[in-house]
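What follows is each chain in one-letter form.
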Amino acid sequence: MSSSILPHRQSSPAAVGDARHLVSFREDVVVDRTGDELVIAHRWGNHVLTGVSDGIASAVDRLTFGPVLAANVMDLVITSATDPIAEATRMHGLVELLQFLLVHSVERDAVTLAEVVPISSSARLKGFTGPVRAAGHERLALSRFAYLHQVDGVLTLENPLSLYRARLHDPQLAALVTAAARPRTVAELVKLVPALGERATKPVLDLLLAARLLDRADAPETDRLRQWGFHDLLFHARSRSGRHDEEFGATFRFTGEIEHESPIRELPAGEIVELPVPDFDEVRDRDPRLTEVLELRQSLRTPGERPLKLVQLAELLYRVQRIRSIYGPVPEQQMPYQGVDRPYPAGGGAGELDLWLTIRRCAGLKPGMYFYDPAGHRLVLVNDSTSDIDAMLGVASISAGNALAPDVLVTITSRFQRLGWKYSGIPYATTLKHVGVLYQTLYLVSTAMGLAPCGLGVGDAELSARCFGLDWERESSVGDFMISSAPSGLDRARHTTEDLPGWQAHNGVDWRARAAAESDQD
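Worth saying up front: this structure is predicted, and the values here are computed from it rather than measured.

Novice: Mind laying out the packing of helix α12 (residues 310–321) against helix α15 (residues 427–448), listing which residues take part and the relevant values?
Specialist: Contact pair α12 / α15: the axes reach a minimum separation of 10 Å and the direction vectors enclose 135 degrees. Overall, the two elements α12 and α15 adopt an arrangement that is oblique. Where α12 crosses over α15, the handedness of that crossing is right-handed. The segment α12 lies against α15, with Leu-316, Arg-319, Val-320 and Gln-321 engaging Leu-438, Thr-441, Leu-442, Val-445 and Ser-446. When the residues that make up the contact of α12 with α15 are grouped by side-chain class, the tally is 5 nonpolar, 3 polar and 1 charged.

Set out below in structure tokens:
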């Protein structure tokens, strides 16, 4: 019996001087036993085990009570077992299965120095075996995707490439992580925190390396990773489920604490310009069919010879952005607030997007910056500074590849709290999805009206906040779109890219010409 247990004791990372590697379950794991059935409940689901012995049940239960030596857990398994080898094998298999629930920590003198916590059901860290020990000459470095922040008063190290987060309880570990900002050997890093000593520091480094919170400095970064920026990768990892354990989705975490943002934004101060309302019958009779609009849509960066007309701008805004209705609250449908109905869809009826117009030229409207009131279908002049107008249009021109300034620059802003009050983890990603929907709606309606639309990829959030008088934390620009009259002589049957090098026809390229012909006949 002893021969089957000793190999486990030797391979398990037990005490190393005054530092020990311990294991435990995540704090949210609950174990319940009924007879020989054991239910292990966790945030990703349940594991139901049948035919469980008292030893395994005790061992699993012990893991819910905080950090413990793996060897001590195994002792609970084999002490009363009639077949210790079989029970130990089963326990190892169970631990292998439940790796994603195991927290690994380094303790010294009964005080936890650091711990790595699994944040995904795909997390794997070799069960009880734990991290492989790095050699003293190996060079380690902090990943360029890693970041430090405090969570509940504990310094926390995370990395979107990792399925673990490290909680650094000892303040001296902040110096260790900082020192790893540039490549250093393990031995060098250990010497930089002499108060902790090698016997405590090295196990922490091993743990961070195994959890992919530190990198081996001499391993080249892959081409695919080189093309990710820090904020892009983090945003991607955190705005989708699967690689984190944060609150996610419709959590309504501020219900009863913070009043929900009004569905209709208050009007800014300024001169009001009433807008004409388009006639439904006239628009319906004039509009091309949907298929024609889809095929003719393209980005047009060059304004026409004549300015956009106020009646055209009014129609575009009415068809795209007006508020058709307000509804709710409907608590039984997870909607304890008022929703907004517009011509384009929005998650949860949020209606958080608003439009601000920078007018360069528009027949019937003087140059300036205007807020579009989607409930009253009117404009409010908020800024007529020539220098501010030029600055906004200048950014748009650069974003469009140094194109001529448009007749009208549409700046899309988001009132973030309309989403943040309801959702966790996804508010900003959701507002960007809404921007994409609004872009397409602007494209389609502009195309149907024979205008020149062009969505932009870059805008200046600080400049627009200053020009429009916005509180950046409450409302900020999230998209920009150029609208102009279409240039004369535009051949809508040919896409502007057809004259570019490398252009190749693929699927249904003739649809565009057919759509143009059909539209001309109408």
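Picking up where we left off.
Novice: So what's going on with the sheet that holds strand β3 (residues 30–34)? Which residues, and what values?
Specialist: Spatially, the 3 strands line up as an open sheet ordered β3-β4-β5, and their pairing is antiparallel. Unpaired on one side and paired on the other, β3 and β5 (45–49) mark the two borders of the sheet. Within this sheet the neighbouring strands show an average axis-to-axis angle of 15 degrees, counted without direction. Its contacts with the sheet put helix α2 (residues 54–62) on β3 and β4 (37–42), and the angle it makes with β3 is roughly 155 degrees.

Novice: So, the nonpolar core: which residues are in play, and what are the values?
Specialist: Soluble globular proteins tend to pack their nonpolar side chains together in the buried interior. Counting 62 residues, the largest nonpolar core has Phe-25, Val-60, Leu-63, Met-91, Val-116 and Phe-128 as its most contacted members. If you tally residues by element for this core, the top one is helix α7 (residues 198–210), at 6 residues. Core analysis: the second largest hydrophobic core is formed by 35 residues, Leu-308, Leu-353, Tyr-372 and Leu-379 among them.

Novice: Give me the confidence of the model for the protein: which residues, what numbers.
Specialist: Mean pLDDT over the protein stands at 92; residues scoring 70 or higher make up 97%. Here residues 1–17 is a poorly scored stretch, pLDDT under 50, and it has 29 contacts once near neighbours within four places are set aside; other chains count.

Novice: Let's hear about the sheet that holds strand β23 (residues 408–415): which residues, and what values?
Specialist: Read from one edge to the other, the open sheet built from 7 strands follows the order β15-β22-β21-β19-β23-β26-β25, with strand pairing classed as antiparallel. Each of the sheet's edge strands pairs with one partner strand only, and the pair in question is β15 (272–274) and β25 (451–456). Adjacent strand axes in the sheet meet at a mean angle of 30 degrees, parallel and antiparallel pairs treated alike. Pairing of strand β21 (residues 368–373) with strand β22 (residues 378–383), which is carried by 5 bridges, proceeds in the antiparallel orientation. By the bridge assignment for β22, Tyr-370 is matched with Leu-381. This element, helix α16 (residues 461–468), spans β19 (353–359), β21, β22, β23 and β26 (475–485) of the sheet and lies at about 85 degrees to β26.

Novice: Could you give an account of empty space enclosed by the protein, naming the residues involved and the relevant values?
Specialist: Within this structure, the stated rule accounts for 2 cavities of 30 Å³ or more. Reported here for the largest cavity is a volume of approximately 60 Å³. Lining the largest cavity are Met-392, Val-395, Ala-396, Leu-409, Leu-456, Val-458, Gly-459, Asp-460, Ser-464, Ser-477 and Asp-480. Within the residue set of the lining of the largest cavity, elements represented by two or more residues are α13 (386–399) and β26. Ranked by residue count, the leading element in the lining of the largest cavity is α13, at 3 residues. Split by residue class, the lining of the largest cavity holds 6 nonpolar, 3 polar and 2 charged. Of the volumes computed, that of the second largest cavity is approximately 30 Å³. Lining the second largest cavity we find Phe-25, Val-60, Leu-63, Met-91, Leu-94, Val-95 and Leu-98.

Novice: How would you explain helix α9 (residues 230–238) if you had to name every residue and give the values?
Specialist: Every buried residue of α9 is accounted for by Leu-233, Leu-234, Ala-237 and Arg-238. Along the axis of α9, the buried residues cluster in a sector spanning 120 degrees; they form a single face. Where the residues of α9 are buried, they touch β9 (147–151), β10 (154–158) and α8 (223–226).

Novice: Let's hear about the packing of aromatic side chains: which residues, and what values?
Specialist: In this structure the tally under the stated criterion is 10 aromatic pairs. Ring centres 6.1 Å apart and planes at 75 degrees place the aromatic pair Tyr-147 and Phe-230 in the edge-to-face group. Of this pair, Tyr-147 sits in strand β9 while Phe-230 sits in helix α9, placing them 83 residues apart in sequence. A relative accessible area of 18% places Tyr-147 in the buried class. Measuring from ring centre to ring centre gives 6.0 Å for Phe-416 and Tyr-428, while their planes differ by 45 degrees; the resulting arrangement is tilted. With a gap of 12 residues between them, Phe-416 in the loop between β23 and α14 (417–420) and Tyr-428 in helix α15 connect regions that are remote in the sequence. These aromatic residues form a ring-pair network of at least three members: Phe-235, Phe-416 and Tyr-428. Arg-43 extends its terminal NZ or CZ atom over the ring of Trp-44, reaching a point 5.7 Å from the ring centre. Against the face of Phe-371 rests Arg-265, its NZ or CZ located 5.4 Å from the ring centre.

Novice: Just give me the short version of the environment of Asp-460, but keep the residues and values in it.
Specialist: Relative to the assigned elements, Asp-460 resides in the loop between β25 and α16. A residue is classified by how much of its surface remains accessible, and Asp-460, at 33% relative accessible area, is partly exposed. Once the C-alpha coordinates of Asp-460 and Met-392 are considered, the two residues, 68 residues apart in sequence, prove to be 8.0 Å apart. With sequence-adjacent residues up to four places away left out, Asp-460 is seen in contact with Val-395 and Ser-477. Within the structure, Asp-460 has its side chain in polar contact with the backbone nitrogen of Glu-462 (distance 3.1 Å). Within polar-contact distance, the side chain of Asp-460 engages the backbone nitrogen of Leu-463 at 2.8 Å.

The rules behind the values
- Residues numbered from 1 in each chain as written.
- Predicted model: local features only at pLDDT ≥ 70, side-chain atom pairs only at ≥ 80, totals over all residues.
- Heavy atoms only, no water.
- Axes fitted to C-alpha atoms, helices over the stretch in contact; angles between N-to-C directions.
- Helix = DSSP H or I, 4+ residues; strand = E, 2+ residues; numbered from the N terminus.
- Parallel < 35°, antiparallel > 145°, perpendicular 65-115°, else oblique.
- Left-handed = near helix turned anticlockwise from the far one by under 90°.
- Contact = heavy atoms within 4.5 Å.
- Nonpolar A, V, L, I, M, F, W, Y, C, P; charged D, E, K, R; others polar.
- Pairing = 2+ DSSP bridges.
- Core = buried A, V, L, I, M, F, W, Y, C linked by side-chain atoms within 4.5 Å.
- Buried < 20%, exposed > 50% of the residue type's maximum accessible area, 1.4 Å probe, protein only.
- pLDDT = per-residue confidence, 0-100.
- 1 Å grid on protein atoms, 1.4 Å probe; cavity = no way out; pocket = protein on both sides within 12 Å on 5 of 7 lines; lining within 4 Å.
- Points joined across faces, edges and corners; volume = space filled by probe spheres on them.
- Arc of directions from axis to C-beta.
- Phe/Tyr/Trp six-rings, centres within 6.5 Å; stacked < 30°, edge-to-face > 60°.
- Lys NZ or Arg CZ within 6 Å of the ring centre and 35° of its normal.
- Polar contact = N/O pair within 3.5 Å; in protein donor to acceptor, adjacent residues only side chain to side chain.

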